Each structure stands twice: as structure tokens, then as C-alpha cells.
Amino acid sequence: MRTIAETPEITRLVDVITAWHARVPETIERVSSVAIEALSTTPRSLEARLEEVVFDALNSTSKFAGAGIVSVHPAVLDQSRSLLWWVTQRENGRVEPLPLDADLTELGTYQAGLEDIEWYRVPATTRRPHMTGPFVDYMCTDQFAFTFTVPLEISSEFYGVAGIDMTVRSLEEEIESLLEDVSDEAILLSNNDLVAISLDPQFATGSRLKSRQLEAYDLSPVPGTFLSIAAPH
């Protein structure tokens with residue numbers, strides 16, 4: 001597969017995507033570090049300490065739609081809830097992070113099957129960061145979203161995942177015109193083959209391109225992310 005030639009248009013687009021994504025790793029690291037420290041010392045303080053760092057993150061930028069941890073490890077369940085996740089509610093220009101209740105979300109119906117959910121399964125298996133989506137996030141945003149997750153590990157034992165949600169719309173608003181500068185049929189791909197944003201109406205957000213379809217495009221990976229810019233030959 002060929003790479004898109006580096007042009008001023010590609011450079012501008014990559015810069016904007018990189019800036020949109022820039023705070024994800026450091027913010028998830030903060031959430032993860034607080035969770036690991038609390039679990040390693042005083043598990044009873046886990047929820048309060050997470051709430052503080054998540055509130056700070058969600059109030060720091062409009063790009064984040066939710067954040068927290070998900071765990072079914074006994075050390076967590078003995079002291080707290082499996083879903084320690086907050087979502088943003090914006091009223092009168094202010095952000096009011098709201099805690100999610102697992103019993104009122106899809107998670108409450110398939111907690112025992114977390115290993116089948118991509119944003120949990122992949123970090124649990126690979127022990128590496130992962131981006132899931134875009135997918136319609138019925139549990140949190142009711143919009144197409146990306147979920148970024150990292151494994152929570154203590155002494156090499158897997159405890160769950162820490163993560164952040166960002167809506168596709170938050171990125172689309174910033175790059176749609178820049179995509180047009182690259183090609184009127186340009187596509188932003190996630191994880192190599194999943195359509196995130198497309199100027200070509202035949203490809204909907206969330207659809208997956210087949211190998212033969214990808215052969216018609218040149219790609220430009222966005223460094224440090226799971227995203228790639230695709231333009232037809």
C-alpha cells in the first residue's frame with residue numbers, strides 16, 4: 001500500500017489530528033496511576049481519588065466526553081463498583097461530570113462478558129494501549145465515539161482498564177475542511193480499516209473497508225495515534 005506524498009495539506013491535517021489526540025496518553029496515565037496507587041495502598045479511597053482526577057480532566061477540555069476505570073477484579077469489587085466512569089454534562093457553559101451506574105447501562109447486562117468487549121479485551125490480552133471505534137457509544141455518549149483504554153496492572157496482574165471517551169464529532173469539526181483540501185473523497189481511518197470520517201458518501205462512519213477497497217487508496221499514518229489519512233490514487 002502506497003503512502004500519500006507529504007504536502008502542506010497533509011502536514012496541516014496531521015498537525016490538527018495530533019493536537020486533538022495529544023492529551024489522551026498523559027491523561028489516561030494520570031487516571032491509571034491514581035487507580036493503581038489507590039489499589040496498592042488504600043482501596044477504600046479509590047472512588048474518591050478517581051473522581052478528583054477525572055473531574056479535573058473532563059473540566060480541562062471539551063474534547064473529553066468521559067473517563068474512568070472498569071474492573072471486575074475482587075480487590076475493586078470488595079470496596080467499590082466495577083464501573084467507575086464519569087461522563088460530561090454541559091449546562092450553562094459549565095461541565096458537570098456525572099457518574100455512570102452499571103445497572104443502568106449495557107455494562108450491567110454483560111459484566112461477566114467483558115472479555116468480549118474490544119475496549120476491555122484488547123488491553124487485557126495485549127497489555128498495551130488500544131483505541132476502539134468509532135462505534136455508537138450507547139453506554140456513555142449516544143454518539144459515534146472513540147474509546148482509548150490502557151491496562152491496569154499491579155505486579156504484572158491485570159486489574160482492569162483505564163480510559164477516555166472522545167466523540168467523532170469533536171474531531172470532525174476540526175478536520176472536515178482540511179480533509180477536503182487533501183481530496184474530495186478523503187477518508188480518516190481508525191486501526192487501518194475502520195471508517196472514522198469520510199467525505200465519500202458510500203462509506204459511513206463505523207463501516208469497515210475490505211482489502212480490495214483499501215487497495216484503491218494511498219495512506220498516511222498519523223504518528224502517535226491509531227488513525228490514518230486515506231486518499232484515492
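To start, this report covers the structure provided alongside it. Note that the coordinates shown come from a computational prediction; the quantities given were computed from them, not determined experimentally. (Residues numbered from 1 in each chain as written. Predicted model: local features only at pLDDT ≥ 70, side-chain atom pairs only at ≥ 80, totals over all residues. Heavy atoms only, no water.)

Considering the sheet that holds strand 1 (residues 64–70)
Line of reasoning, step 1. The antiparallel open sheet is built from 6 strands, whose spatial order is 5-2-1-8-7-6. Strands with a single pairing partner mark the edges of an open sheet, and in this sheet they are strand 5 (98–99) and strand 6 (130–136).
Line of reasoning, step 2. Those strands touched by helix 3 (residues 46–60) are strand 1 and strand 2 (83–87), and its axis lies near 25° from that of strand 2. (Pairing = 2+ DSSP bridges. Helix = DSSP H or I, 4+ residues; strand = E, 2+ residues; numbered from the N terminus. Contact = heavy atoms within 4.5 Å. Axes fitted to C-alpha atoms, helices over the stretch in contact; angles between N-to-C directions.)

Examining the pairing of strand 10 (residues 194–198)
Consecutive side chains along a regular strand alternate between the two faces of the sheet.
Line of reasoning, step 1. Burial analysis of strand 10 places 4 of its 5 residues in the buried class, the great majority of the element.
Line of reasoning, step 2. As defined by bridge partners, strand 9 (residues 187–190) adjoins strand 10 across 4 bridges and the pair is classed as antiparallel. Paired with Leu188 across the strands is Ile197, a residue of strand 10.
Line of reasoning, step 3. Where strand 9 hands over to strand 10, the hairpin turn is made up of 3 residues, of which Asn191 adopts a positive phi near 50°. (Buried < 20%, exposed > 50% of the residue type's maximum accessible area, 1.4 Å probe, protein only.)

Digging into the packing of aromatic side chains
Line of reasoning, step 1. This structure, assessed with the given rule, holds 5 aromatic pairs.
Line of reasoning, step 2. Relative to Tyr120, the ring of Trp119 has its centre 6.3 Å away and its plane inclined at 75°; by these criteria the two rings are edge-to-face. The burial state of Trp119 is the same as that of Tyr120; both residues are buried.
Line of reasoning, step 3. A centroid spacing of 5.6 Å and a plane angle of 85° characterise the contact between Tyr120 and Phe158, whose relative ring orientation is edge-to-face. Highlighted residues: Tyr120 in helix 5 (residues 118–126) and Phe158 in strand 8 (residues 157–167), separated in sequence by 38 residues.
Line of reasoning, step 4. Tyr120 sits in the buried class, given a relative accessible area of 7%. (Phe/Tyr/Trp six-rings, centres within 6.5 Å; stacked < 30°, edge-to-face > 60°.)

Some thoughts on the side chain of His21
Line of reasoning, step 1. Summarising the element assignment, His21 is placed in helix 1 (residues 8–21).
Line of reasoning, step 2. We classify His21 as buried; its relative accessible area is 7%.

So, the pattern of salt bridges
Line of reasoning, step 1. Under the counting rule described, the total for this entry stands at 6 salt bridges.
Line of reasoning, step 2. A salt bridge links Glu37 to Arg49; the nearest nitrogen and oxygen atoms lie 3.2 Å apart. Placement of Glu37 in helix 2 (residues 23–40) and of Arg49 in helix 3 is noted, with a sequence separation of 12 residues between them.
Line of reasoning, step 3. You can call Glu37 partly exposed: its relative accessible area is 44%. (Salt bridge = Lys/Arg side-chain N within 4 Å of Asp/Glu carboxyl O.)

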